Amino acid sequence: MPADRFPVEVQGRTLELSNLDKVLYPAAGFTKGEVIDYYTRIAPVLLPHLADRALTRIRYPNGVTGGSFFEKNAPAATPSWVRVETLPAPGSTKGRETIDYVVADDLPTLVWLANLAALELHTPQWKVGAHPDLMVIDLDPGAPAALEQCCQVALTLRDRLAADGIDSYPKTSGKKGMQLCCPISGTQPADDVSAYARRVAQELEREQPKLVVSKMAKNLRPGKVFIDWSQNNAAKTTVAPYSLRAQPVPSVSTPLTWDEVSAGAAGRRPATRPYPAGEVLDRVERHGDLLAPLLDGGPALPE
C-alpha cells in the first residue's frame, strides 16, 4: 500500500484514507486530515440532519481553489456497506430517469465522503419516500444590503410564520446569506410547501418593498434581501447544517440563536459572519444542536 494511504477502522468498517496532508483550504492551511477530523467530531449533531435524505455532494479533489464538481450518483467504487437509494431524477441535466443516491446515515459513510474531498453536503427537504418534513427559506442579500439586513428580514419572517403556528430556526449559509428552517408535518407535497413559502415572501415584499424582493431576477436584488422560496421545490437541495463550505477559510453553515440574529439586525455584532470549523465545534459544546427541534416534526402548513 502506498505510504500516503492507510486503513482505519470506523465503527467496525475498514476504510482506506489517503493524502491527509493535502491542503484543501490554501488560505487557511487546512488539510484533508483536518476536514476528516472536523466531520468526525461534528458527526453526532450532523448525522441526524442527513439521515434518510438523498445526499448531493460538492467535491473539491484539489482544494477550494482547484475546481469542483457536483455529485449526486454514487461513485463507481462506493463500498457495499454504504446505503444507496435509487430515486427518480426529475429534470436531470443528464437525462437520467433515476439516480443512485448516497444516504449518509452513519459515521463510516461520513468519513468515506470526507476522504473523497466531499466538502459540501446538500440535502432536499424530504426524506426518502416521503413528503417534505422541512420548509427552508433562503435569505440572499444583494449588495449593498448585507447580513445585517438579512437578520432584519429573518426577524420579520419569524414573526409572520409564528402567526401561522410555524416555528423557525436560523442558520448561516456559511457564505453571505442565511436560512430559516421550519419543521412541518410531512403530509403535504413539495408544490404546496413551495406555494406557501412564495405567498409569505410576496406578502413581505408588499409590506417592505425597499428591503425585500421575492422575484428571482437578479436585476431586482441590489440593496434588498431576496427571499428565495424556491428552495422547497422537490428537485432543490440546501446546504446541510454543519456542512463545510468552499470559502477561503473552512466556514460552516452554522445554527444561530435568535438573540444572535436580533443583535445582528441591530448592527451590534456580525451574528451571521462565516463561522470557521473550530469555532463551530466550540459552539456545539456550549449550545448543543440548536436545530434539534427540526428532528421532531411540526404542523401542517395553512392551505
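**Student:** Explanation requested: the state of the cysteines in the structure shown.
**Tutor:** By definition, a disulfide is the covalent link that joins the sulfur atoms of two cysteine residues. Scanning all chains against the criterion turns up 0 disulfides. Note on Cys181: no disulfide assigned, nearest cysteine sulfur contributed by Cys182 at a separation of 7.2 Å. Residue Cys182 is classed as buried on the basis of its relative accessible area, which comes to 0%.

**Student:** Looking at this structure, I do not really get the side chain of Glu260. What am I missing?
**Tutor:** As for its position among the elements, Glu260 is in helix α5 (residues 258-265). In this structure Glu260 comes out as buried when scored by relative accessible area, which is 12%. Among the polar contacts listed, one links the side chain of Glu260 to the side chain of Arg283, at a separation of 2.8 Å.

**Student:** Explanation requested: the pattern of salt bridges in the structure shown.
**Tutor:** When the charged atoms of two side chains with opposite charge come close together, those side chains can pair. A complete count under the given rule lists 16 salt bridges for this structure. Asp37 is paired through a salt bridge with Arg41; the nearest N and O atoms lie 3.4 Å apart. Taken together, the residues Asp37 and Arg41, both in helix α1 (residues 32-50) and 4 residues apart, mark about one turn of the helix. Classification of Asp37 as partly exposed rests on a relative accessible area of 39%. Classification of Arg41 as exposed rests on a relative accessible area of 51%. Of the charged contacts, one joins Arg221 and Asp140 as a salt bridge, the two residues approaching to 3.3 Å between their closest N and O atoms. Highlighted residues: Arg221 in the loop between β13 (212-213) and β14 (225-228) and Asp140 in strand β10 (residues 134-141), separated in sequence by 81 residues.

**Student:** How do you make sense of the nonpolar core when you look at a structure like this?
**Tutor:** Generally speaking, a soluble globular protein has its nonpolar side chains buried in company with each other. In this structure, Tyr38, Tyr39, Ile42, Met135 and Leu139 are the most contacted members of the largest nonpolar core, which totals 75 residues. In terms of residue count, α1 provides more of this core than any other element does, 10 residues in total. Once residues lying within four places of it in the same chain are set aside, the contact partners of Met135 are Leu161, Ile166, Leu180, Cys181, Cys182, Ile184, Val193, Tyr196, Ala197, Asn232 and Leu301.

**Student:** Even after reading the chapter, I still don't get unusual backbone geometry, so can you show me in this structure?
**Tutor:** Keep in mind that most residues, glycine aside, have a negative phi and that most peptide bonds are trans. The linkage connecting Ala143 with the following residue, Pro144, adopts the cis geometry, with an omega of 5°. Inspection of the secondary structure assignment puts Pro144 in the loop between β10 and α3 (147-163). In this structure, Gln11 takes a positive phi of about 50° despite not being glycine. The topology assignment puts Gln11 in the loop between β1 (5-10) and β2 (13-18). Taking relative accessible area as the criterion, Gln11 reaches 60% and is therefore assigned exposed. Even without being glycine, Tyr242 reaches a positive phi, approximately 75°. Topologically, Tyr242 is positioned in the loop between β15 (238-239) and β16 (251-252). According to the relative accessible area criterion, Tyr242 is buried, its value standing at 2%.

Parameters at a glance
- Residues numbered from 1 in each chain as written.
- Predicted model: local features only at pLDDT ≥ 70, side-chain atom pairs only at ≥ 80, totals over all residues.
- Heavy atoms only, no water.
- Disulfide = S-S within 2.5 Å.
- Buried < 20%, exposed > 50% of the residue type's maximum accessible area, 1.4 Å probe, protein only.
- Helix = DSSP H or I, 4+ residues; strand = E, 2+ residues; numbered from the N terminus.
- Polar contact = N/O pair within 3.5 Å; in protein donor to acceptor, adjacent residues only side chain to side chain.
- Salt bridge = Lys/Arg side-chain N within 4 Å of Asp/Glu carboxyl O.
- Core = buried A, V, L, I, M, F, W, Y, C linked by side-chain atoms within 4.5 Å.
- Contact = heavy atoms within 4.5 Å.

Keep in mind these values describe shape, not function.
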